[in-house]
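# Secondary and tertiary structure notes
One letter stands for each residue in the lines below.
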Number of protein chains: 2
Amino acid sequence: MPDTAIFDVDGTLVDTNYHHALAWFRAFRRFDITLPIWHLHRAVGMGGDQLVSHVAGDRIEREHGSALRAAHTDEFDALLAEVRPLGDAHRLLADVRSRGFRLALATSGLSAHAERSLSLIEAHSVADARVTSDDVERTKPAPDLIHAALAKVGGTSAVLVGDSVWDCRAAAKLDVPTVAVRTGGFSVAELTDAGADTVFESLPELINALDDTPLSEATEAPQPR
Amino acid sequence: MPDTAIFDVDGTLVDTNYHHALAWFRAFRRFDITLPIWHLHRAVGMGGDQLVSHVAGDRIEREHGSALRAAHTDEFDALLAEVRPLGDAHRLLADVRSRGFRLALATSGLSAHAERSLSLIEAHSVADARVTSDDVERTKPAPDLIHAALAKVGGTSAVLVGDSVWDCRAAAKLDVPTVAVRTGGFSVAELTDAGADTVFESLPELINALDDTPLSEATEAPQPR
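Conventions adopted
- Residues numbered from 1 in each chain as written.
- Chains lettered and ligands numbered in written order.
- Predicted model: local features only at pLDDT ≥ 70, side-chain atom pairs only at ≥ 80, totals over all residues.
- Heavy atoms only, no water.
- Domains from an automatic or database assignment.
- Contact = heavy atoms within 4.5 Å.
- Buried area = accessible area lost by both parts, 1.4 Å probe.
- Salt bridge = Lys/Arg side-chain N within 4 Å of Asp/Glu carboxyl O.
- Least-squares fit on C-alpha atoms with pLDDT ≥ 70 in both.
- Polar contact = N/O pair within 3.5 Å; in protein donor to acceptor, adjacent residues only side chain to side chain.
- Helix = DSSP H or I, 4+ residues; strand = E, 2+ residues; numbered from the N terminus.
- Nonpolar A, V, L, I, M, F, W, Y, C, P; charged D, E, K, R; others polar.
- Buried < 20%, exposed > 50% of the residue type's maximum accessible area, 1.4 Å probe, protein only.
- Arc of directions from axis to C-beta.
- Pairing = 2+ DSSP bridges.
- Axes fitted to C-alpha atoms, helices over the stretch in contact; angles between N-to-C directions.
- Right-handed = clockwise from strand over helix to strand, strands pointing away.
- Core = buried A, V, L, I, M, F, W, Y, C linked by side-chain atoms within 4.5 Å.

The name that an unreviewed UniProt entry assigns to chain A is Phosphoglycolate phosphatase, with the source organism given as Halosaccharopolyspora lacisalsi.

### Observations concerning the domain arrangement of chain A
Residues and elements named next belong to chain A. Domain annotation of chain A identifies domain 1 (4-15 + 84-212) and domain 2 (17-82). Each of domain 1 and domain 2 has a C-alpha centre, and the two are 22 Å apart. On the side of domain 2, 20 residues touch domain 1, which itself brings 20 residues to the contact. In this assembly, domain 1 packs against domain 2 so that about 1600 Å² is buried in total across both faces, 45% of it on carbon and sulfur atoms. Per-residue buried area on domain 1 facing domain 2 is highest for His 113, Arg 116 and Trp 166; these three make up 34% of the total on that side. For the pair domain 1 and domain 2, the interface holds one salt bridge.

### Quick word on the relation of the copies chain B and chain A
Think of it as a corkscrew move, a rotation about one axis and a shift along it, taking one chain copy to the other. Superposing chain B onto chain A takes a rotation of 180° plus a shift of 0.0 Å along the axis, which leaves an RMSD of 0.0 Å. Interpreted geometrically, this transformation is the action of a two-fold axis.

### A closer look at the interface of chain B and chain A
Each partner contributes residues to the interface: chain B has 27 residues there, and chain A has 27 residues. Each partner contributes to the roughly 2200 Å² buried at the junction of chain B and chain A, and carbon and sulfur atoms together form 60% of this total. At the boundary of chain B and chain A, one finds four salt bridges. For Arg182(B), the salt bridge identified is with Glu190(A), shortest N-O distance 3.1 Å. There are eleven residue pairs in polar contact (both at pLDDT 80 or more) connecting chain B and chain A. At six residues, helix H1 (residues 17-29) of chain B tops the list of elements feeding residues into the side of chain B that touches chain A. Residues that form the side of chain B that touches chain A fall into these classes: eleven nonpolar, seven polar and nine charged.

### Description of helix H3 (residues 48-56) of chain B
The α-helix advances 3.6 residues per turn, and as a result positions three or four apart in sequence lie on the same side. All names here are of chain B. Listed as buried for H3 are Leu 51, Val 52 and Val 55. Take H3 and look down its axis: the buried residues cluster within an arc of 95°, on one side only. Where H3 is buried, its residues meet H1, helix H2 (37-43) and helix H4 (58-79). Following H3 by one or two positions, Gly 57 adopts a phi angle in the positive range, close to 95°.

### A few points about the sheet that holds strand E1 (residues 4-8) of chain A
Residues and elements named next belong to chain A. An order of E3-E2-E1-E4-E5-E6 is seen for the six strands of this open sheet, with the pairing classed as parallel. Each having just a single partner strand, strand E3 (129-131) and strand E6 (198-200) make up the two edges of the open sheet. Each neighbouring strand pair of the sheet contributes to a mean axis angle of 20°, computed without reference to strand direction. In the sheet, strand E5 (residues 178-181) pairs with E6 via three bridges, with the strands oriented parallel.

### Details of the pairing of strand E4 (residues 158-162) of chain A
Residue and element names in this part refer to chain A. Taking burial as the measure, the five residues of E4 include five buried ones, the bulk of the element. Of the two faces of E4, the one lined by Ala 158, Leu 160 and Gly 162 and the one lined by Val 159 and Val 161 are each fully buried. Pairing of E1 with E4, which is carried by four bridges, proceeds in the parallel orientation. In the sheet register, Phe 7 faces E4, and the bridge partner there is Val 161. As defined by bridge partners, E4 adjoins E5 across three bridges and the pair is classed as parallel. The residue bridging Gly 162 from the neighbouring strand is Ala 180, located in E5. Taken together, E4, helix H8 (residues 165-172) and E5 form a β-α-β motif whose crossover is right-handed.

### Quick notes on the environment of Asp144(B)
Residue and element names in this part refer to chain B. One can find Asp 144 in helix H7 (residues 144-153). For the pair Asp 144 and Ala 43, spaced 101 residues apart in sequence, the C-alpha to C-alpha distance is 18 Å. Discounting residues that sit within four places of it in the chain, Asp 144 has contacts with Val 136, Glu 137 and Arg 138. A polar contact of 2.9 Å, which involves the side chain of Asp 144, links it to the side chain of Arg 138.

### What about the nonpolar core?
The biggest cluster of nonpolar side chains holds 60 residues, and the ones touching the most others in it are Phe28(A), Leu191(A), Phe28(B) and Leu191(B). Aside from chain neighbours lying at most four places away, what touches Leu191(A) is Asp163(A), Ser164(A), Val165(A), Cys168(A), Ala180(A), Val181(A), Arg182(A), Phe186(A), Ala196(A) and Val199(A).

Structural data, given as structure tokens:
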């Protein structure tokens, strides 16, 4: 049984995925590249370091990768003010913490965006640690963020809460169970096919069902001697 | 076998669903109502007359329905200039027409938006008729648009090409087969569960597979005496 709960932030606790998809669409358009937005949407949740080649190929990554990421940051910045937290995000964190879990918040995004997201859900009062892309070499779907989160809170075994297939795939590589929510816009089948143990429609629905998930009660983590 | 191909426009031929989702999010925010964008996204493709109560309940529809639809139009207008056609939309229409089908284009949206979408894909040179929400009493998922489209082109049997579960459900009510594309952001399972016969990732993929779909070749429609 896990002692640590790792929460993905973007798309899971804060309603950002559609803004990210549109920001990527606009970023690519600056380079006269038009991509179907649904395809960008389904790539959100990977790190930006991996997204460009995933959606547009290795040549575009080589030629414009860094500039496209800068353009995406610029476009997302312009939308950031209207981003809202998902309902009951803070209550979910507090409830999971009260069950004895160490709490880590993981974001593939940039620190500046993460700061605003975390303040929207008043995360600082409940989270033990946060990990961002700065803490790892490879972002999701690589599992490095999960390793980094466990290390930061001194946990031994994790459960991940996320919204994207990239969360599920990263966790599956480490045999970490994933509780998924549909708030990022992925479907039930997409999430279960990627390895999610259970899928909930909303954070309140997950809160009501916590007893039936690996978030039911934390195991006692080994104390340092 | 069908003699008429009915194409949904928004989300199927033109990449509008994510803009519509964001426009609805912003429209509701004007009334201090915050809805998860993924939920709005999955409701896009129903008519606006049905969407408000579907996502926010009957009370909000009664109190703000018309004002919310006006706000959505306003917000979508502000995004319209960046909307792009989906790749090979015109080629798909021309190919299906060359196989002998009568071609009807169906949009639940407003005439002004439809005009721009149809010009983006140069639809006027290939389509026999268009039907909009002005032509019917009830929009999708009611099947009235399909009836109206068949009547306008004088066809007897239809196949529908669409991107949303609302397209699939409308067609299923009339035993009209649906060829679905993922361009609107629904998943394969969501579309097949709603009744889609086959699901394609893109319009070029559908073009390549036309021989294996009900769009293979049109039946001769009965001639008027």
